[in-house]
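Residue-level listing of the chains:
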Amino acid sequence: MASELSEIRSFLGDLSPFDRLDADRIAAIARRVTVRYFRAGDTILEAGSHNDQLFIVRSGSVELRLAGEELTMRLGRGGSFAFPSLLRGGEVRNTTTALEDTLVYCLPGEEFHRLRSECDAVRDYFNESETERIRSAVRDLRLKRPSTLQHATIEQLLVHKQPVSCEPGLSIADAATLMSERDVSTLAICEDGRLVGIFTDKDLRKRVVAARTDFDRPIREVMTAAPRTLPRHATAAEAMALMAAGGFRHIPVLGSAGELVAILSATDILAYLGDSAIDTGMLVAKAAGPQALVAAARQIPEGFARMDAGGFHAEHTMRFTSALGEAVHRRAAELAEAELGPPPVPYALLVFGSLARGEQLVGSDQDNGIVMDDRVDESGREYFAALGARISDLLDECGFVYCKGGIMAKNAEQRLTRSEWSERYGRWIANPDEDRILRATICFDMRAVHGDPVMAQALHEDVVDKARGSGLFLSFLARDAQRSKVPLGFFRNLVLEKSEDGQKVFDAKAQAILPVIDIARTFALAEGLAAVGTIERLEALAAAGRMARGDAESLKDAFLLVSELRIAHQAAQVRAGTAPDNAIAPAALSPLERDYLKDAFSVISGGLDSLKRNLAGGIA
């Protein structure tokens with residue numbers, strides 16, 4: 001018996017969420033566990049029965065089927081089941097069957113509930129709400145990600161010169177003059193070599209100019225006295241936390257003797273964390289010619305990997321990478337114009353898909369087009385044909401490879417006048433078919449990155465208005481979204497799908513990201529919302545009362561969870577020197593990440609079901 005208890009303790013100690021408990025707590029749990037054995041084919045729990053235990057697979061495997069029919073999950077060693085029934089008061093909805101000879105640990109329901117009430121980690125893991133479980137997963141992933149913020153000291157961030165300071169008795173006018181002459185936005189006020197206050201550009205505006213303070217008054221009267229400080233050995237994370245908490249952008253840094261060493265700014269931190277990305281953006285904007293632009297754009301993956309290593313959240317990484325992609329597109333258009341001469345009529349360079357949504361990662365192809373002023377003549381069209389070809393070719397050289405579907409400005413059907421674009425969208429919307437929808441879906445995510453933004457904005461508003469009024473078109477969009485094969489979860493090292501034909505890799509984009517994009521886009525178009533980004537659309541739907549707040553938050557969290565994993569996967573590939581893709585092997589995921597993804601898949605499947613019920617009626 002002692003050896004069996006030891007084995008149970010050891011097993012639970014390596015298993016989430018019990019691995020977060022101390023040894024005494026795990027030992028106490030082990031003593032409450034009973035061990036049961038089932039032969040292959042045995043029914044462990046039957047739908048409709050009452051359950052009062054948490055089951056944990058020690059060896060073997062089990063299969064869960066809703067009401068004994070539809071496959072909902074397969075679990076192997078370490079998988080736990082039946083906790084939803086405990087949270088419902090005992091009602092069992094899935095029939096669980098042993099797929100092979102299986103040993104399970106059974107924890108009494110009262111012990112399960114006591115653990116949940118006493119331990120946050122257990123409560124988060126066995127949370128009734130999928131939203132809360134996914135949110136907890138996102139927090140965990142972000143905490144576990146190696147972050148340079150946690151290791152970089154302020155001293156490493158300080159690239160600046162000696163701080164500029166003055167005595168407290170100096171007049172405001174002279175202090176402002178000093179700041180101007182030394183080109184600083186923050187002035188340290190020191191007395192006998194000790195820091196007594198700081199004065200910033202913001203103070204000058206609010207406490208002097210706006211308050212009509214006499215410029216001859218001493219600076220001590222308008223400075224921020226006794227400002228918060230940090231020692232030079234503090235970490236960047238501590239500095240960011242202090243700035244966030246205090247709502248300021250500058251922190252005086254003190255040496256070991258309390259002397260003023262420097263003034264740390266938010267810009268210093270950003271420059272350290274994202275210097276590669278920021279430098280790349282500067283190189284792109286200043287690229288004097290095609291070769292310089294190509295060289296600058298080729299640095300984007302490196303900046304992407306550094307953002308991941310720096311602990312950037314998924315939404316920030318996507319936004320920053322998209323900003324760089326947008327800058328490359330804009331500069332490519334500017335360089336093409338420089339070669340071909342000024343455009344004969346106003347136009348705008350449009351981007352579609354992930355770049356338009358601000359959700360681009362690395363390794364993306366190009367999706368773009370040109371909208372021309374209706375006054376363009378034949379010679380003008382020839383100009384834009386040459387312009388579109390030059391832009392597309394240059395982008396391809398920059399790493400935004402040609403679109404296999406032909407959605408790029410070098411193709412004539414992607415270079416249309418404002419009226420022609422409107423007519424084209426009108427045809428898609430009025431006479432949809434599966435092929436048109438399949439090819440045109442991403443075109444409903446559009447944004448201008450160069451040229452006349454008003455023309456592009458008017459086109460977008462026109463398209464949104466047309467789509468809103470077409471139930472047939474929306475039903476085709478909703479139906480198209482159902483093509484996605486969202487997995488049930490993972491079973492051993494295979495992706496588990498409803499068809500039960502396990503695959504070896506999980507396509508994070510096709511099987512999780514795109515379905516959320518489809519759900520958000522279709523519902524947003526149905527409501528006539530102009531938002532383009534996926535998170536922006538979900539938030540707009542919730543704000544407008546068109547989607548339950550909880551559903552929108554769940555989809556947003558599922559989207560961010562998969563994005564975090566996808567970014568980490570691609571960043572690792574960039575660091576390894578391999579081409580980034582979206583194919584994640586289940587074996588590369590931790591057991592906890594697999595569990596988290598299972599919840600995300602459930603949320604996404606629920607969203608697709610809602611889309612089907614609400615907008616695909618009569619066709620799907």
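The rules behind the values
Residues numbered from 1 in each chain as written. Predicted model: local features only at pLDDT ≥ 70, side-chain atom pairs only at ≥ 80, totals over all residues. Heavy atoms only, no water. Helix = DSSP H or I, 4+ residues; strand = E, 2+ residues; numbered from the N terminus. Buried < 20%, exposed > 50% of the residue type's maximum accessible area, 1.4 Å probe, protein only. Contact = heavy atoms within 4.5 Å. Areas by Shrake-Rupley, 256 points an atom, 1.4 Å probe, with all protein chains shown as cover. Pairing = 2+ DSSP bridges. Axes fitted to C-alpha atoms, helices over the stretch in contact; angles between N-to-C directions. Left-handed = near helix turned anticlockwise from the far one by under 90°. Nonpolar A, V, L, I, M, F, W, Y, C, P; charged D, E, K, R; others polar. Arc of directions from axis to C-beta. Phe/Tyr/Trp six-rings, centres within 6.5 Å; stacked < 30°, edge-to-face > 60°. Polar contact = N/O pair within 3.5 Å; in protein donor to acceptor, adjacent residues only side chain to side chain. 1 Å grid on protein atoms, 1.4 Å probe; cavity = no way out; pocket = protein on both sides within 12 Å on 5 of 7 lines; lining within 4 Å. Points joined across faces, edges and corners; volume = space filled by probe spheres on them. Expected span 1.5 Å × (residues − 1). Salt bridge = Lys/Arg side-chain N within 4 Å of Asp/Glu carboxyl O. pLDDT = per-residue confidence, 0-100.

**Some points on the overall build of the protein chain**
Right, so step 1: Per the secondary structure count, the protein chain includes 25 helices and 23 strands.
Right, so step 2: Its C-alpha atoms give the protein chain principal-axis dimensions of roughly 85 × 75 × 45 Å.
Right, so step 3: Expressed as a percentage of its 620 residues, the buried residues of the protein chain come to 53%.
Right, so step 4: Taking as baseline every contact in the protein chain between residues at least 6 positions apart, the subset at least 24 positions apart corresponds to 70%.
Right, so step 5: Within the structure as shown, the protein chain displays about 27,400 Å² of accessible surface, and the carbon and sulfur contribution to it stands at 50%.

**Quick look at the environment of Asp-268**
Right, so step 1: By secondary structure assignment, the location of Asp-268 is in helix 12 (residues 266–286).
Right, so step 2: Under the relative-accessibility criterion, Asp-268 is labelled buried at 4%.
Right, so step 3: With 108 residues separating them along the chain, Asp-268 and Val-376 place their C-alpha atoms 48 Å apart.

**Some thoughts on the pairing of strand 14 (residues 250–254)**
Right, so step 1: Among the five residues in strand 14, four count as buried, and that is most of the element.
Right, so step 2: By the bridge criterion, two bridges tie strand 13 (residues 230–231) to strand 14 in an arrangement that is parallel. By the bridge assignment, Pro-231 is partnered in strand 14 with Leu-254.
Right, so step 3: Where strand 14 folds back on strand 15 (residues 260–265), the antiparallel hairpin that results is connected by five residues, among which Gly-258 adopts a positive phi of roughly 85 degrees.

**A few points about the packing of helix 22 (residues 508–526) against helix 25 (residues 591–615)**
Right, so step 1: Orientation of helix 22 relative to helix 25, taken along the N-to-C sense of each, is 35 degrees, at an axis distance of 10 Å. Taken as a pair, helix 22 and helix 25 cross one another with a handedness that is left-handed. Of the residues in helix 25, those touching helix 22 at Ala-512, Pro-515, Val-516, Asp-518, Ile-519, Thr-522, Phe-523 and Ala-526 are Phe-601, Ile-604, Gly-607, Leu-608, Ser-610, Leu-611, Asn-614 and Leu-615.
Right, so step 2: The residue makeup of the contact of helix 22 with helix 25, split by class, is 11 nonpolar, four polar and one charged.

**What to know about helix 9 (residues 172–182)**
Counting along an α-helix, one turn takes 3.6 residues, and residues three or four places apart therefore face a common direction.
Right, so step 1: For helix 9, every residue scored as buried is listed here: Ile-172, Ala-175, Ala-176, Leu-178 and Met-179. Buried positions in helix 9, seen along its axis, are confined to an arc of 155 degrees and lie on one side of it. Relative to its buried face, helix 9 has exposed residues pointing more than 90 degrees away, namely Ser-180 and Glu-181.
Right, so step 2: Contacts made by the buried residues of helix 9 are with strand 9 (165–166), strand 10 (186–191), strand 11 (194–200) and helix 10 (201–209).
Right, so step 3: Immediately beyond the C-terminal end of helix 9, within one or two residues, lies Asp-183, with a positive phi of roughly 55 degrees.

**Structural notes on the packing of aromatic side chains**
Right, so step 1: A complete count under the given rule lists 17 aromatic pairs for this structure.
Right, so step 2: Relative to Phe-126, the ring of Phe-112 has its centre 5.3 Å away and its plane inclined at 65 degrees; by these criteria the two rings are edge-to-face. Taken together, the residues Phe-112 in helix 4 (residues 109–118) and Phe-126 in the loop between helix 5 (120–125) and helix 6 (130–144) connect sequence positions 14 residues apart. Across the pair, exposure class does not vary: Phe-112 and Phe-126 are buried alike.
Right, so step 3: Clustering of aromatic rings is evident, with ring pairs tying together Phe-352, Trp-421, Tyr-425, Trp-428, Phe-444 and Phe-473.

**What to know about the sheet that holds strand 12 (residues 224–225)**
Paired through backbone hydrogen bonds, the strands of a sheet run either parallel or antiparallel to each other.
Right, so step 1: What the four strands build is an open sheet, ordered 9-10-11-12; its pairing is mixed. For this open sheet the edge positions go to strand 9 and strand 12, each flanked by a neighbour on one side alone.
Right, so step 2: Sheet topology places strand 9 next to strand 10; two bridges connect them, and they run parallel. Along strand 10, the bridge assignment pairs Cys-166 with Ile-189.
Right, so step 3: Against the sheet, helix 9 touches strand 9, strand 10 and strand 11, its axis set at about 125 degrees to strand 10.

**Regarding the environment of Thr-522**
Right, so step 1: Tracing the sequence through the fold places Thr-522 in helix 22.
Right, so step 2: Taking the relative accessible area as the measure of exposure, Thr-522 reaches 1% and is therefore buried.
Right, so step 3: Along the sequence, Thr-522 and Arg-537 sit 15 residues apart, while their C-alpha atoms lie 9.8 Å from each other.
Right, so step 4: Polar contacts involving the side chain of Thr-522 include one to the main-chain carbonyl oxygen of Asp-518, which spans 2.7 Å.

**Brief notes about the layout of surface pockets**
Right, so step 1: By volume, the second largest pocket is sized at about 1,000 Å³.
Right, so step 2: Listing elements by their share of the lining of the second largest pocket, those giving two or more residues are helix 15 (314–340), strand 16 (347–352), helix 16 (353–357), helix 18 (418–430), helix 19 (434–440), helix 22 and helix 24 (549–576).
Right, so step 3: If you tally residues by element for the lining of the second largest pocket, the top one is helix 22, at seven residues.
Right, so step 4: Here the lining of the second largest pocket is built from residues that sort into 19 nonpolar, 15 polar and 15 charged.

**A look at helix 15**
Right, so step 1: Helix length check: helix 15 (27 residues) gives 39 Å between terminal C-alpha atoms against 39 Å at 1.5 Å per residue, within 8%.
Right, so step 2: Directly beyond the C-terminal end of helix 15, a positive phi value near 95 degrees is found at Gly-341.

**Some remarks on the pattern of salt bridges**
Right, so step 1: In the structure shown here, the tally under the stated rule is 35 salt bridges.
Right, so step 2: Put simply, Arg-330 and Glu-326 hold a salt bridge, and the shortest N to O gap is 2.7 Å. With Arg-330 and Glu-326 both in helix 15 and four residues apart, the pair spans about one turn of that helix.
Right, so step 3: Given the relative accessible area of 29%, Arg-330 is considered partly exposed.
Right, so step 4: Overall, Glu-326 belongs to the buried group, its relative accessible area being 17%.
Right, so step 5: Put simply, Arg-25, Arg-32, Glu-110, Glu-111, Arg-114 and Glu-118 are held in one network by salt bridges that share partners.

**Digging into the confidence of the model for the protein chain**
Should the pLDDT be low somewhere, the predicted coordinates at that spot are not to be read in detail.
Right, so step 1: Summing up the model confidence of the protein chain, the mean pLDDT is 89 and the portion of residues at 70 or higher is 94%.
Right, so step 2: By mean pLDDT, helix 7 (residues 148–151) is the weakest element of the protein chain at 58, and helix 17 (residues 378–397) is the strongest at 98.

**Considering the sheet that holds strand 4 (residues 62–66)**
Right, so step 1: Pairing in this open sheet of four strands is antiparallel, and the strands run 2-7-4-5 from one edge to the other. In the strand order of this sheet, the two ends are held by strand 2 (43–45) and strand 5 (70–75), each with one partner. Taking each pair of neighbouring strands and ignoring which way they run, the sheet shows an average axis angle of 30 degrees.
Right, so step 2: Inspection of the sheet shows strand 4 paired to strand 7 (residues 94–98) by five bridges, in the antiparallel sense. Residue Leu-66 lies in a different strand from strand 7, and its bridge partner there is Asn-94.

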